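Analysis of the macromolecular model
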Amino acid sequence: MKKYRGIYLKNDKEIGLMREANRLVSVVLDMLGEVIKPGVSTMDLENIAIKACEDFGVKPAFKGYQGFPFALCCSVNEEIVHGFPSESRILEEGDIVSIDMGVIYKGFNGDSARTYPVGQVSEDTQKLLDVTRESLMRGIEQAKAGNNLYDISKAVQDYVESYEFGIVRRFVGHGIGRNLHEKPEIPNFVPAGLPGVTLRTGMVLAIEPMVTQGTHEVEVLSDNWTAVTKDRKLSAHFEHTIAVTSEGPDILSRS
Ligand code: MG
Ligand code: MG
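First, a word on scope: everything that follows refers to the structure included in this document. (Residues numbered from 1 in each chain as written. Chains lettered and ligands numbered in written order. Predicted model: local features only at pLDDT ≥ 70, side-chain atom pairs only at ≥ 80, totals over all residues. Heavy atoms only, no water.)

1. Quick notes on the overall build of the chain
On a plain count of helices and strands, the chain comes out with 4 helices and 17 strands. Relative to the compact-globule value of 18 Å for 255 residues, the chain shows a C-alpha radius of gyration of 17 Å, a close match. Along the longest, intermediate and shortest principal axes, the C-alpha atoms of the chain span 45 × 45 × 30 Å. Within the span of the chain, comprising 255 residues, buried residues form 54% of the whole. (Helix = DSSP H or I, 4+ residues; strand = E, 2+ residues; numbered from the N terminus. Rg over C-alpha atoms; globule rule 2.2 N^0.38 Å. Buried < 20%, exposed > 50% of the residue type's maximum accessible area, 1.4 Å probe, protein only.)

Here is the structure:
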């Protein structure tokens, strides 16, 4: 596979396989959206995702990845990312749950995340979800050949901070392909003093802002995975895998 400054460039055939991987992820995320409601456990969601992967003949990408034990990351309320599905975590009215999922299809990874409201959520909570989703779309708009990588970062950061929400620094987006995490890292803020790379046609990127109601500082719980906001305020997470094409950004994980 061709590389530009350490970043794999995918050809049309490879992007086609990644489109299918990501389409399957979006189908599962749609299915989960239908069942998320008060009274459902996050393990129920995991079981649905596992069954769907079996039906589609794909491998969940996260299970076993660097030792992560599940197919889904289910992160409730103040949990930012990497939460474990659990039978004892019953979703309640007014909660939010971030579901992050990946699959491997014919050797290529799909990766996408959404934060869902559980039943009716407060206006403030809905605002957090709306701003996070829109910040992702603003970032994606900048994923054009010839732009700088940090044009994506800046678009996300400027939008989020205009609402006085926090943008998590500890976790970032990433290139994706045969590996779940490839170069480049895609921060959701502009790192001081670093020149970003120029975006090129054939790059496939997972852009994933994590946005908080309070501080952007993170703590990791004693399971060594679950990342929560230090002030325990809510956090939301949306992620799409996109390809940089000659016609602009192409969202592969679109529902
Ligand atoms: Mg993800
Ligand atoms: Mg990702």
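2. Structural notes on the sheet that holds strand β15 (residues 235–237)
Strand pairing within a sheet occurs via backbone hydrogen bonds; the two strands may be parallel or antiparallel. If you walk across this open sheet you meet the 3 strands as β8-β12-β15, and the pairing is antiparallel. Edge positions in the open sheet fall to β8 (166–167) and β15, since each of these has one partner strand only. As paired strands, strand β12 (residues 210–212) and β15 are joined by 3 bridges and run antiparallel to one another. Paired with M210 across the bridge in β15 is H237. Strand contacts of helix α3 (residues 123–141): β12 and β15, with the helix running at about 35° to β15, the strand carrying the most contacts. (Pairing = 2+ DSSP bridges. Contact = heavy atoms within 4.5 Å. Axes fitted to C-alpha atoms, helices over the stretch in contact; angles between N-to-C directions.)

3. Structural notes on the coordination of the magnesium ion (ligand 2)
For the magnesium ion (ligand 2), the full set of protein donor atoms is D111 (OD), H174 (NE2), E208 (OE) and E239 (OE), and the range of their distances to it is 2.1 to 2.3 Å. All donors of the magnesium ion (ligand 2) come from a single chain, and their spacing in sequence reads D-x62-H-x33-E-x30-E. Between the two metals, the magnesium ion (ligand 2) and the magnesium ion (ligand 1), the spacing is 3.1 Å, and D111 donates to both. One end of the pair, E208, is in the loop between β11 (204–207) and β12; the other, E239, is in the loop between β15 and β16 (240–245), and 31 residues separate them in sequence. (Donors = N, O, S within 2.8 Å, 3.2 Å for Na, K, Ca; no water.)

4. Section: the nonpolar core
Core analysis: the largest hydrophobic core is formed by 40 residues, its most contacted members being L32, I36, L45, L72, V97, I99 and M101. Listing elements by their share of this core, those giving two or more residues are α1 (12–35), α2 (42–56), β4 (72–76), β6 (96–105), β7 (108–117) and β11. Ranked by residues supplied to this core, first place goes to α1 with 9 residues. Here L45 is in contact with L32, V35, I36, V40, L72, L91 and I99, once residues within four sequence places are set aside. With 18 residues, the next largest nonpolar core counts I7, L9, V197 and F238 among its residues. (Core = buried A, V, L, I, M, F, W, Y, C linked by side-chain atoms within 4.5 Å.)

5. With respect to the coordination of the magnesium ion (ligand 1)
At 2.0 to 2.5 Å from the magnesium ion (ligand 1) lie its protein donor atoms, namely D100 (OD), D100 (OD), D111 (OD) and E239 (OE). The class of D100 is buried, set by a relative accessible area of 8%. The buried category is assigned to E239, whose relative accessible area is 1%.

6. Quick notes on helix α4 (residues 149–162)
In this model, α4 (14 residues) spans 21 Å end to end at C-alpha, consistent with the 20 Å of a helix rising 1.5 Å per residue. L149, Y150, I152, S153, A155, V156, Q157, Y159 and V160 are the residues of α4 that are buried. Looking at the packing, one finds that the buried side of α4 touches α3, β8, β10 (182–186), β11 and β12. The N-capping residue of α4, defined by a side-chain oxygen 2.8 Å from the backbone nitrogen of Y150, is N148. Looking at the residues trailing α4, positive phi occurs at E164, about 60°. (Expected span 1.5 Å × (residues − 1). Polar contact = N/O pair within 3.5 Å; in protein donor to acceptor, adjacent residues only side chain to side chain.)

7. So, the sheet that holds β11
Strand order across the open sheet formed by 5 strands is β10-β9-β11-β16-β17, with antiparallel pairing between neighbours. The open sheet terminates on both sides in strands that have one partner only, identified here as β10 and β17 (248–251). In this sheet, neighbouring strand axes are inclined to one another by 25° on average, regardless of whether the strands run parallel or antiparallel. Direction of pairing for strand β9 (residues 173–175) relative to β10: antiparallel, over a ladder of 3 bridges. Residue H174 lies in a different strand from β10, and its bridge partner there is E185.

Functional significance is not addressed by these values, which are geometric in nature.
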